[in-house]
Every structure is written in structure tokens, then in C-alpha cells.
Amino acid sequence: MRALSRVGEPVRWLASRARPRRGMGSSAAAGGRRDPGENPKVGRLRELFTGDAADGWEKSWEFGVTPWDLGKPTPVIEHLVRSGTLPKGRALVPGCGMGYDVVALACPERFVVGLDVSDLAIKKAKQWSSSLPNADYFTFLAEDFFKWIPSEQFDLIFDYTFFCALDPSLRVAWAETVNRLLKPDGELLTLIYLISDQEGGPPYNNTVADYQKVLEPLGFRAVLMEDNELAIKPRKGCEKLGRWKRCAHQSSL
Ligand SMILES: C[S@@+](CC[C@H](N)C(=O)[O-])C[C@H]1O[C@@H](n2cnc3c(N)ncnc32)[C@H](O)[C@@H]1O
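The following paragraphs examine the structure supplied in this document. (Residues numbered from 1 in each chain as written. Predicted model: local features only at pLDDT ≥ 70, side-chain atom pairs only at ≥ 80, totals over all residues. Heavy atoms only, no water.)

A complete count under the given rule lists 7 salt bridges for this structure. Between Asp55 and Lys59 there is a salt bridge, with the nearest N and O atoms lying 3.3 Å from each other. Taken together, the residues span about one helical turn, with Asp55 and Lys59 both in helix α2 (residues 53-62) at a distance of 4 residues. For Asp55, a relative accessible area of 37% puts it in the partly exposed group. Judged by relative accessible area, Lys59 falls into the partly exposed class, the value being 25%. (Salt bridge = Lys/Arg side-chain N within 4 Å of Asp/Glu carboxyl O. Helix = DSSP H or I, 4+ residues; strand = E, 2+ residues; numbered from the N terminus. Buried < 20%, exposed > 50% of the residue type's maximum accessible area, 1.4 Å probe, protein only.)

Pasting the structure below:
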């Protein structure tokens, strides 16, 4: 792929950054390298995934084993909202968890749907957010991303620690579902949490190439792919921000 940092400019790949080996935990020391399995909470999370994945997620919420949870929106989302460069209209956050990013994205010009397969996650998200001043501009639904059929498509889909949480066998279906749910001129925003050198998951190993592999055959191209300089300290050097659009088919006739 020739990913672009802005349309027409080469990507600024900072390949020399620390090689990421961390999982969803948000308490590792900056620059440290360790297998997420060494994080007791990630180890415990994996133990909950013995059968059906939806059941595993529900249990993780039930037992409070949510090592990915930042307790606040990811800073780059707040930055992008302030920048005014994100599509308005309808936005979707699949695998939203507590929904901090849902709330951060919601405003009179942008209605946001937070989706999570866990009933309990959605209950918790509603509990903390229902009386916020912008509560009219978001909603939370307990639905399976792969099966849900909305009444309308979306102008923006934001994925953060959802792709890497899914079994890799679901990645093609993830891309097809994004393709189905996004308007033709809509934008897919991926905050890619790079993880490597692990066996199993969640979270699972993933690279930018893994996203390209499933998105590009559907016509998506990264119009921006850059290091997330605003990553929280334990994830610094491990996150890339990707903004994807579908390219109009160029006929040679
Ligand atoms: C690693 S957590 C990330 C939560 C949130 N994005 C965050 O950064 O805090 C993954 C979330 O995806 C949800 N999830 C997993 N499979 C799903 C599916 N098929 N449809 C919707 N949500 C799903 C889980 O319940 C869990 O809350």
C-alpha cells in the first residue's frame, strides 16, 4: 500500500519506535516490553474465553476484568473532535465498552451509536452517561456488530481496541461489516493498537498490514496513517491512527 499522511503526501512511518509487545493493559511502564499474559488482568481475561466469545466478554464485564478500560476518552479522539475534521452526521463505535469515546464524539451535529455485545457493558455505559449535557446526541445498544442491521448507514465508524479484540478469523467479516454499515463516502477511523509476539488473545497480534489485507479488497485506502502522538503513556509508540476512505473506481474507458 502507499498510505498517505495527507492525501498526496507520503506517510511518516516512525519505524524506530519501541517494538510493541503489550496488550490491553493501561498500567505498564512507558517503553516497557512485556507479554500481556504477564499482566494478571489480561491473563485472567483470557481464562474467561473458554467457549463462546460473547459469553467471555459478558463475563469480563461481570467480573470487572476490563484491562483495556482507560476510564476516559482516548486523547486523540478529543483532539480530533476539537479539530473539526471528523465527519458530522451519524457515527458508530463498535465494541464501545464504557463508551467514553461515544460521549466525546457526540454533539448536535453528530449523533453517535455505541454498540457492544455485552448487556452489562451497555448498562454501565448508560448508567454513567445518561444525564450528561450531550445525552441527546448518543445512544447505546446491546447488539452483535456482525449481526446488527441499522435503519441507516453511518458517516463515521471509529474502531479502537475492537479489531484487536476479535479472533483473527473474524477480520474479513469485520471489514465486510464496516463496508456494509458505512455510507459510500463515509470514513473509517481506526486507532490501531499494535500488538505482536503473542500466542492467542484477546488481544490478538495485529499490524497495519492486517487492516490493509481485509480493507483494501473492498476499496478502502488509508488517506492518513501516522503514529498516535497523543497515545496514553503506556501505549506510546504502540498506536497508529488510520483514516480510511473508499476510493471511487477509476474507469480506464
Ligand atoms: C477490548 S474491549 C474495548 C472497549 C472500548 N473500545 C475501549 O477502548 O474501552 C472490546 C469490546 O468489544 C465488545 N465486543 C466483542 N465482540 C463484539 C461484537 N461481536 N459486537 C459488539 N461488541 C463486541 C466487548 O464486549 C468489549 O466491550
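Of all 12 residues in strand β7 (residues 182-193), 9 are buried; the element is thus mostly enclosed. As paired elements, strand β6 (residues 154-160) and β7 share 6 bridges and run parallel to each other. Among the inter-strand pairings, Ile157 is bridged to a residue of β7, identified as Leu188. The parallel pair β6 and β7, bridged by helix α6 (residues 171-181), forms a crossover whose chirality is right-handed. Sheet topology note: the β7/strand β9 (residues 239-246) ladder contains 7 bridges and is antiparallel. Paired with Leu191 across the two strands is Leu241, which belongs to β9. (Pairing = 2+ DSSP bridges. Right-handed = clockwise from strand over helix to strand, strands pointing away.)

Around the ligand sit 17 residues, and of these Gly95, Asp116, Phe145, Tyr160 and Thr161 come closest. Within the side chain of Asp144, a nitrogen or oxygen atom sits 3.0 Å from a nitrogen atom of the ligand. One nitrogen or oxygen atom from the main chain of Tyr160 is found 2.9 Å from a nitrogen atom belonging to the ligand. Notes on the ligand: free accessible area 600 Å², of which the protein chains cover 94%. Tallied by class, the residues present in the shell around the ligand amount to 10 nonpolar, 4 polar and 3 charged. (Near = heavy atom within 4 Å. Polar contact = N/O pair within 3.5 Å; in protein donor to acceptor, adjacent residues only side chain to side chain. Areas by Shrake-Rupley, 256 points an atom, 1.4 Å probe, with all protein chains shown as cover. Nonpolar A, V, L, I, M, F, W, Y, C, P; charged D, E, K, R; others polar.)

Counting residues in hydrophobic clusters, the biggest one holds 26 residues, and the most contacted among them are Leu92, Phe145, Ile157, Trp174, Leu188, Leu215 and Trp244. Counting only elements with at least two residues in this core, the list comes to β4 (110-116), β6, α6, β7, α7 (208-215) and β8 (220-227). Not counting the four nearest positions on each side in its chain, Trp244 is found in contact with Gly186, Glu187, Leu188, Thr190, Tyr211, Gln212, Leu215, Phe220, Arg221, Ala222 and Met225. Membership of the second largest hydrophobic core comes to 25 residues, among which are Leu86, Val112, Tyr160 and Leu189. (Core = buried A, V, L, I, M, F, W, Y, C linked by side-chain atoms within 4.5 Å. Contact = heavy atoms within 4.5 Å.)

Tracing the backbone through its elements, the reader meets Trp57 in helix α2. For Trp57, a relative accessible area of 15% corresponds to the buried category. For Trp57 and Leu120, which are 63 residues apart along the polypeptide, the C-alpha to C-alpha distance reads 9.4 Å. Excluding anything up to four places from it in sequence, Trp57 contacts Phe49, Trp68, Val117, Ala165 and Pro202.

Topologically, Glu239 is positioned in strand β9. Although Glu239 lies buried, it forms no salt bridge, and the closest oppositely charged side chain, Arg235, sits 4.0 Å away as judged by the N-O distance. There is a polar contact of 2.4 Å between the side chain of Glu239 and the side chain of Tyr160. A polar side-chain atom of Glu239 sits 2.8 Å from a polar atom in the side chain of Asn228. Excluding anything up to four places from it in sequence, Glu239 contacts Tyr160, Leu191, Ile192, Tyr193, Glu226, Asp227, Asn228 and Ala231. (Lys, Arg positive; Asp, Glu negative; His and termini not counted.)

Moving on to the sheet that holds strand β3 (residues 89-94). Taken together, the 7 strands give an open sheet; going across it, the order is β5-β4-β3-β6-β7-β9-β8, and neighbouring strands pair in mixed fashion. Among the strands making up the open sheet, the edge pair consists of β5 (138-142) and β8. When strand polarity is set aside, the average angle formed by the axes of neighbouring strands in this sheet is 20°. (Axes fitted to C-alpha atoms, helices over the stretch in contact; angles between N-to-C directions.)

Packing of α2 against helix α5 (residues 119-129) leaves a shortest axis separation of 7 Å and a crossing angle of 40°. With respect to each other, α2 and α5 are oriented oblique. Across the interface between the two elements, Glu58, Trp61 and Glu62 from α2 touch Asp119, Leu120, Ala121 and Lys124 from α5. The residue makeup of the contact of α2 with α5, split by class, is 3 nonpolar, no polar and 4 charged. (Parallel < 35°, antiparallel > 145°, perpendicular 65-115°, else oblique.)

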